[in-house]
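What follows is the residue order along each chain.
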Amino acid sequence: MGVPYVPVVGLIGTDLLTRRDDMVVAVDPFDGKTKSVVAKAMTPDIAVFHAVAADRHGNVSCGYDSEAVILAEASGHVVVTAERIVDHIGEKDAQGTFIPGIHVDSVVHAPFGAHPGGCTGFYGQDKIHMRDYVIASKDDESFAEYIRAHVFEVQNHADYIERFVPLDWRQPARAAGA
């Protein structure tokens, strides 16, 4: 978006400001009285989104409502992984949030790319895997082991699917969103 900060609604009176150095309370410059929280704008080098569909021009149908366009606009580069690559997606064709191709640098076909999270219309959350993830995240040693096994030891996306996506999820009818 190119702005140095953005107003954030609903944080006045919370303890969040005592733990964050990227947010401050400021007086509304228009009325000179109302106080609101302003947050330093995020400027990520790269944003990665997973979506239900994308076309080769970078147009994206997220499949859910989100603030993806704002994050895409703020990011230096945007990569979208998608369950399906289709010939064309227009804003009227999109399910949920539409990200126009002008904001997208790369599109990658990645079925089950949201795993172990779910993807609207394709598969739900892998509750067993998520439970294992939560347990592993309770201490640094367990989490390092989880990352080693689920990220660093995985050869590629197909290997990840083979190792971690439940076999019954990989059946053609389910993979097509049925």
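Shown above is the structure to which this text applies.
Residues numbered from 1 in each chain as written. Predicted model: local features only at pLDDT ≥ 70, side-chain atom pairs only at ≥ 80, totals over all residues. Heavy atoms only, no water.

(A) Fine view of the sheet that holds strand E1 (residues 5-8). Spatial ordering of the open sheet is given by E1-E3-E2, a layout of three strands whose pairing is antiparallel. The open sheet is flanked by E1 and strand E2 (23-27), the only strands paired with a single partner. Put simply, the sheet's adjacent strands are angled 40° from each other on average, direction ignored. (Pairing = 2+ DSSP bridges. Helix = DSSP H or I, 4+ residues; strand = E, 2+ residues; numbered from the N terminus. Axes fitted to C-alpha atoms, helices over the stretch in contact; angles between N-to-C directions.)

(B) Examining the pairing of strand E4 (residues 46-55) more closely. Of all the 10 residues making up E4, eight are buried; the element is thus mostly covered by neighbouring parts of the structure. The pairing of E4 with strand E6 (residues 77-86) spans nine bridges and is parallel. When the sheet's bridge partners are listed, Ala47 is paired in E6 with Val78. Here E4 pairs with strand E5 (residues 60-61) via two bridges, running antiparallel. Across the sheet, residue Ala54 finds its bridge partner in E5, namely Val60. Hairpin connection of E4 to E5: four residues between the antiparallel strands, including Gly58 at a positive phi of 90°. (Buried < 20%, exposed > 50% of the residue type's maximum accessible area, 1.4 Å probe, protein only.)

(C) Main features of unusual backbone geometry. Residue Pro116 is bonded to the preceding His115 through a cis peptide linkage, with omega at 10°. Relative to the elements of secondary structure, Pro116 occurs in the loop between strand E8 (106-109) and helix H3 (127-136). Its identity is not glycine, yet Phe112 carries a phi of approximately 65°, on the positive side. Tracing the backbone shows Phe112 in the loop between E8 and H3. We classify Phe112 as buried; its relative accessible area is 7%.

(D) A look at the side chain of Asp126. By secondary structure assignment, the location of Asp126 is in the loop between E8 and H3. Buried charged residue Asp126 carries no salt bridge. Nearest counter-charge: Arg131, at 8.4 Å. Separated by 2.8 Å, the side chains of Asp126 and His115 make a polar contact. Filtering out sequence-adjacent residues up to four positions away, Asp126 remains in contact with His115, Pro116, Phe164, Pro166 and Trp169. (Lys, Arg positive; Asp, Glu negative; His and termini not counted. Salt bridge = Lys/Arg side-chain N within 4 Å of Asp/Glu carboxyl O. Polar contact = N/O pair within 3.5 Å; in protein donor to acceptor, adjacent residues only side chain to side chain. Contact = heavy atoms within 4.5 Å.)

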